[in-house]
Amino acid sequence: MNLRKRLSGIWLMAMALLSLCSFTCFFVAQMWLNILYMFYLTIALVQVVTLVIYLWGPEKLAFKPLKYLYRIFYASSILVIPSFAFIFMGLISQYHINIPESIDASSMPVDKIIPGNETTIYNTGKVYIFFPEYSNVELVCKDRPSKSDDSITWCSGAAFQHTVSLDFSQENVEGDHAVNGAYYASPYNKDAFAAFTFADGEFSFEFDDPEGAIKKAADAGGNGFMQFSLIKDHEVVMNFDRPRARCYRTLAELNGNLCIIDSVNMMHFTQFMEELQRLGVTNALYMDMGAGWNYSWYRNAADKDVTLFGLPVPWSHNWVVFKK
């Protein structure tokens, strides 16, 4: 066997293993997007088939179209490395950063977990509780909010998006929503959704008539969006589950104050909900935390922007923003 053929064999074995590793990373990262799922599955199968043909002997292929197909499969191995790099970054981006400036609230009475005069963060050991400094809360669509805007104290993904698309359309935002007084209706099922709105300097959670709440906020020149409902008046009202451990986030009302609650580490959804109930959360909406969709940052008391999840995928197009 000549050197070129040996190197080809080493390359194909490495790419087959790396493609299988990429698909495994995709599964662990739980990026359940049909296009990407099929891409990672297809590229893994193609690399395995290519390796099998190589070990069997491509020179034994008598049918010319099969020879050409083998060459195409072989050439596709060049896609494995960038696809692995992308999904590996997606997997890493699912782990929450440590926040040393947070206040230890592991033994603090729940009624003492309240906002300060500036952005304040508590750590119960299971969840981080963020109280961003704000005078307004907006839904920003299409253009990702810039960290150079020093009026922003919190930025994270808000509503679900119906399809993965590089192009933005208001229709692709799931659930009715309002952007600075403009109302946008959604054609998609909203049965499990509740609404968060901010208008006239006040926030509100609406579970019984979310559509009406969004319209009311728009009429007042405010903002709002819909998401899965988790807790209403201290009672769990969710009708869905997330079977695997991951980091979770909710936009919530705690002790009469608006806050964001993140799990400190990956945990099961039931554990996250148990901690919300222990804290006595009044109202809460689910926030998407899949790789890329969890892109988020806040501005701390020292006026420095701190990235929590840093994979700004180009197909994410709407964010909830707290502003001073």
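Remember, predicted model here, so these are calculated numbers, not experimental data.

The next point concerns the packing of aromatic side chains. In total, this model carries 21 aromatic pairs according to the counting rule given. Ring geometry for Tyr 128 and Phe 130: centres 6.2 Å apart, planes at 50°, overall tilted. The pair formed by Tyr 128 and Phe 130 is uniform in burial state, with each residue classed as buried. Ring centres 6.2 Å apart and planes at 45° place the aromatic pair Phe 160 and Tyr 286 in the tilted group.

In this section: the pairing of strand β12 (residues 249-254). Two faces belong to every sheet, and in a regular strand the side chains alternate between them. Burial runs high along β12: six of the six residues are buried. With burial as the criterion, each face of β12 is covered, one bearing Arg 249, Leu 251 and Glu 253 and the other bearing Thr 250, Ala 252 and Leu 254. Relative to strand β13 (residues 257-263), β12 runs antiparallel, the two sharing six bridges. For Glu 253, the partnering residue across the bridge sits in β13 and is Leu 258. With antiparallel pairing between neighbouring strands as the criterion, β12 and β13 make up a hairpin whose turn holds two residues, including Asn 255 at a positive phi of roughly 55°.

Moving on, we come to the pattern of salt bridges. As enumerated under the stated definition, the model contains seven salt bridges in all. The residue Lys 232 makes a salt bridge to Asp 208 at a minimum N-O spacing of 2.9 Å. Here Lys 232 is found in strand β10 (residues 223-232), whereas its partner Asp 208 is found in the loop between β9 (202-206) and α5 (210-219), with 24 residues between them in sequence. Among the salt bridges present, the one from Asp 262 reaches Arg 249, with a minimum N-O distance of 2.8 Å. You can see Asp 262 sitting in strand β13 and its partner Arg 249 sitting in strand β12, a full 13 residues away along the chain. With respect to class, Asp 262 is no different from Arg 249; both count as buried.

Rules used in this analysis
- Residues numbered from 1 in each chain as written.
- Predicted model: local features only at pLDDT ≥ 70, side-chain atom pairs only at ≥ 80, totals over all residues.
- Heavy atoms only, no water.
- Phe/Tyr/Trp six-rings, centres within 6.5 Å; stacked < 30°, edge-to-face > 60°.
- Buried < 20%, exposed > 50% of the residue type's maximum accessible area, 1.4 Å probe, protein only.
- Helix = DSSP H or I, 4+ residues; strand = E, 2+ residues; numbered from the N terminus.
- Pairing = 2+ DSSP bridges.
- Salt bridge = Lys/Arg side-chain N within 4 Å of Asp/Glu carboxyl O.

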